[in-house]
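Structural features, examined
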Amino acid sequence: PSPTASVAPTPTEAVFAPLEEASDTEAGEAAPAQTQAPPRLDETVGAIRVQIVVHQRAYLRVTVDDEVEFDGRVLPGATYAFAGNEEIEILSGNGAGLYVIYNDVELGKLGMFGEVVNVIINVDGLLTPTPTITPTATKTPKTTRTPTPTP
């Protein structure tokens, strides 16, 4: 067989158009801005003030005085400030990704990379809830007669 000529593929640059978001506004009407900057620590008012600086991607849920204030994923470089009167609970899927400042006192990172952390901050300081295992009752088997050999 004789060799055949082959054409090498030429690289092309892919251009992606931005996705259009569905909106409730009518045609020709400008959509309101959906993004807002998180409040700064000096703008928050309360007995307990917490600032969270994000260093790595993580899931974050912050509950302030029994109300969920934030629930979602956070990206590096973002800073969030929360204030409450009773307690602030922080739940994250990456303890090393969050750097926490509580009432102008640096607490540092909450844990290791990928570690699920759940901390409660109140006026007394930082608490770490201890998970408890509820004992499950099981039935005790009843004794049965031991069979005896018959003559």
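Counting restarts for each chain: residues are numbered from 1 in the order of the written sequence. Residue-level local features of this predicted model are given only where pLDDT is at least 70; pairs of side-chain atoms are given and counted only at 80 or more, and the full residue set underlies all totals for whole chains, interfaces and linings. Hydrogens are left out, water is left out, and the side-chain values use all remaining heavy atoms of the structure.

1. So, the environment of Gly46
- The topology assignment puts Gly46 in the segment before strand S1 (48-54).
- By relative accessible area, which is 26% here, Gly46 ends up partly exposed.
- Spatially, the C-alpha atom of Gly46 lies 8.8 Å from that of Phe82, the residues being 36 residues apart in sequence.
- Excluding anything up to four places from it in sequence, Gly46 contacts Ala83, Gly84 and Asn85. Where helices and strands are cited, they refer to DSSP runs of H or I of at least four residues and of E of at least two residues respectively, numbered from the N terminus. Exposed residues in this analysis have more than 50% of their type's maximum accessible area, buried residues have under 20%, and partly exposed residues fall in between, with area computed by a 1.4 Å probe over protein chains only. Whether two residues are in contact is decided by their heavy atoms: any pair within 4.5 Å suffices.

2. Section: the side chain of Thr63
- Locating Thr63 in the fold gives a position in strand S2 (residues 58-64).
- Setting aside chain neighbours within four positions, we find Thr63 in contact with Val68, Glu69, Glu87, Ile88 and Glu89.

3. What to know about the confidence of the model for the protein
- As a per-residue measure, pLDDT tells how confident the predictor is, with possible values from 0 to 100. Taken residue by residue, the protein gives an average pLDDT of 74. The fraction at 70 or more is 66%.
- When mean pLDDT is taken per element in the protein, S2 scores highest with 92 and strand S9 (residues 125-127) scores lowest with 77.

4. Comments concerning the packing of aromatic side chains
- Ring geometry is summarised as follows: Phe, Tyr and Trp rings, the Trp one being its six-membered ring, pair when their centres sit within 6.5 Å, and such pairs are stacked at plane angles under 30 degrees, edge-to-face over 60 and tilted between the two. For the coordinates displayed, the defined rule picks out one aromatic pair.
- Centre to centre, the rings of Phe70 and Tyr80 are 5.0 Å apart; their planes meet at 45°, and the pair counts as tilted. Of this pair, Phe70 sits in strand S3 (residues 67-74) while Tyr80 sits in strand S4 (residues 79-84), placing them 10 residues apart in sequence.
- Residue Tyr80 is classed as buried on the basis of its relative accessible area of 16%.

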